[in-house]
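For reference, the chains in residue letters:
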Amino acid sequence: MCYKQEDWISPRVIVCVTDFFHRALKNLPWPLNNRILLLLLEENDLTAWDAYRVAASVPAVYRLLSTVSVPPRQDQLTTLQQEPWSKRSNLTGLTVRCMTGNYFPFSMTTPQSDGTDKISGLSGEIWNIFEDLFSFKLECRTSADGIWGNYNPTTRAWSGMLGKLQDGTIDAVVGPFIHNLERGIFFDFSHHITSSGMVLVIQKSSTPSSRSSYTRELSPLTWVMVLVFFTVSVAAFRIFGNLMHRPNSWSDSLIINVRIFSNMGYGNENPDRTSLRIWLLTELLTVILLHVFYTAFLISELSSDKTVLPVRNLQEIYNRKKEFSLGINKDTSAVEQFKREKEREREIERKRERERERERERERERKRERRSTWKT
């Protein structure tokens, strides 16, 4: 009964009596990943049990899941249909062999007297919580070569820590791995605990910008509009002075507007024409808004360190390859990503073409249905 590996990992139900139940718990292997549900026939009822061993030398752990009525109730079915690993929280006696490397702030190692390494950092803290919750022992060591793992498509083998995991030397690798296509084919991953993107690091320029911090806060178009408004204001005061028979020279009109645009006020006697009053109020309010807007952005600029990147994406780096050189940390997923980018682009295009073909087929099917309906 259930001596083949494939029998253990396939969902099965075993119905037995009490005597057979205890003998089975004692003598059968009950691997940790088994999907066997035990139904025990007792005098007056039927009970469901889960059993497993964390290691061959450790006695089987068994747990009562639920009593089972005939026919079973919905709440009983819900309990029995739960995945086995959601119920197996006692892993006392299990030793998890792991390998890790130093990758701040996710995993940092401290050598221990017994030759193992204690993990700290984000990944280490998570594993410590798991140890406390499930009562297993984590036995972790640092990789001698420090390589996380690279894939060889020819041999379909991995190097480094992932190679040790592939050949069964260890049970897990603790580190900040990205779940990509190649790794997902060979290994199981935990749920994502962090999300991060690629960061472009460049040398900060030591040469000042051609536009100073005092002028670049307003766009060139805005400065042109201010200059046009100033010129119109000078001409307006010249025209209004002639209409009031108190002509202003061009230099007087220029000085008046310089005072106004410098936020120093009008300075002359109050105008007696309504049209000039309206124009003067408009100009004064405009200057106040311009000064508030400019001052706010100038304070923000001077109180912060704004960095303008010379490039925005990888294509621009390539286009300016004579000026910039691109460096990538070896033994990371970024290396594999760059190597297989063309292959991924072709795969995406093939998927899009298949989707377009399916859409064309659906459209042809709709046309055939419309013709059939019309003939009918």
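Residues numbered from 1 in each chain as written. Predicted model: local features only at pLDDT ≥ 70, side-chain atom pairs only at ≥ 80, totals over all residues. Heavy atoms only, no water.

**Student:** Would you explain a nonpolar patch on the surface in this entry?
**Tutor:** Side chains of Leu221, Val224, Met225, Val228 and Val232 sit close together on the surface and give an oily, nonpolar patch of about 470 Å² of accessible area. Relative to the helices and strands, Leu221 resides in helix 7 (residues 220-243). (Patch = residues over 30% accessible without salt bridge, like charges linked within 9 Å, V, L, I, M, F, W, Y side chains within 5 Å. Areas by Shrake-Rupley, 256 points an atom, 1.4 Å probe, with all protein chains shown as cover. Salt bridge = Lys/Arg side-chain N within 4 Å of Asp/Glu carboxyl O. Helix = DSSP H or I, 4+ residues; strand = E, 2+ residues; numbered from the N terminus.)

**Student:** Mind showing me how you'd approach unusual backbone geometry here?
**Tutor:** With the exception of glycine, the majority of residues adopt a negative phi angle, and the majority of peptide bonds are in the trans configuration. Of note, the amide linkage connecting Val70 to Pro71 takes the cis form, showing an omega dihedral of -5°. Following the sequence through the fold, Pro71 ends up in the loop between strand 4 (61-68) and helix 3 (74-80). For the bond running from Phe104 to Pro105, omega is 0°, close enough to zero to count as cis. Mapped onto the elements of the fold, Pro105 is located in the loop between strand 5 (95-100) and strand 6 (108-111). Residues other than glycine seldom take positive phi values, yet Trp30 does so here, at roughly 45°. Counting through the fold element by element, Trp30 comes out in the loop between helix 2 (18-27) and strand 2 (36-41). Its relative accessible area of 1% is what places Trp30 among the buried residues. Even without glycine at this site, Ser135 takes up a positive phi of about 60°. (Buried < 20%, exposed > 50% of the residue type's maximum accessible area, 1.4 Å probe, protein only.)

**Student:** How do you make sense of the sheet that holds strand 1 (residues 12-17) when you look at a structure like this?
**Tutor:** Where strands meet in a sheet, backbone hydrogen bonds hold them as pairs that are either parallel or antiparallel. Pairing is mixed across the open sheet formed by four strands, whose spatial order is 1-2-3-4. With partners counted over all chains shown, the strands left at the sheet margins are strand 1 and strand 4, one partner each. Taken over all neighbouring pairs, the strand axes of this sheet differ in orientation by 30° on average, direction set aside. Summarising the sheet, strand 1 and strand 2 pair through six bridges and their orientation is parallel. Within strand 2, the position partnered with Ile14 by the bridge is Leu38. Packing against the sheet, helix 2 makes contact with strand 1, strand 2, strand 3 (46-52) and strand 4, and its axis sits at approximately 120° to strand 1. (Pairing = 2+ DSSP bridges. Axes fitted to C-alpha atoms, helices over the stretch in contact; angles between N-to-C directions. Contact = heavy atoms within 4.5 Å.)

**Student:** When you look at the environment of Thr231 in this model, what are you seeing that I'm missing?
**Tutor:** Along the chain, the position of Thr231 falls in helix 7. Engagement of the side chain of Thr231 in a polar contact is seen with the backbone oxygen of Leu227, the distance being 2.9 Å. (Polar contact = N/O pair within 3.5 Å; in protein donor to acceptor, adjacent residues only side chain to side chain.)

**Student:** Please clarify how the sheet that holds strand 8 (residues 137-142) should be interpreted in this entry.
**Tutor:** Pairing is parallel in the open sheet, where three strands are placed in the order 8-5-11. Since the sheet does not close on itself, it has two edges, and those belong to strand 8 and strand 11 (172-174), each with one partner. In this sheet, neighbouring strand axes are inclined to one another by 35° on average, regardless of whether the strands run parallel or antiparallel.

**Student:** Would you explain the pairing of strand 3 in this entry?
**Tutor:** Counting buried positions along strand 3 yields seven of seven residues, so the element is predominantly enclosed. The alternating pattern of strand 3 places Leu46, Ala48, Asp50 and Tyr52 and Thr47, Trp49 and Ala51 on opposite faces, both of which are buried. Alignment of strand 2 against strand 3, held across four bridges, turns out to be antiparallel. Bridge assignment links Leu38 to a residue of strand 3, and that residue is Trp49. The turn joining strand 2 and strand 3, which pair antiparallel and follow one another in sequence, is formed by four residues. As defined by bridge partners, strand 3 adjoins strand 4 across seven bridges and the pair is classed as antiparallel.

Read these as geometric descriptors, not functional statements.
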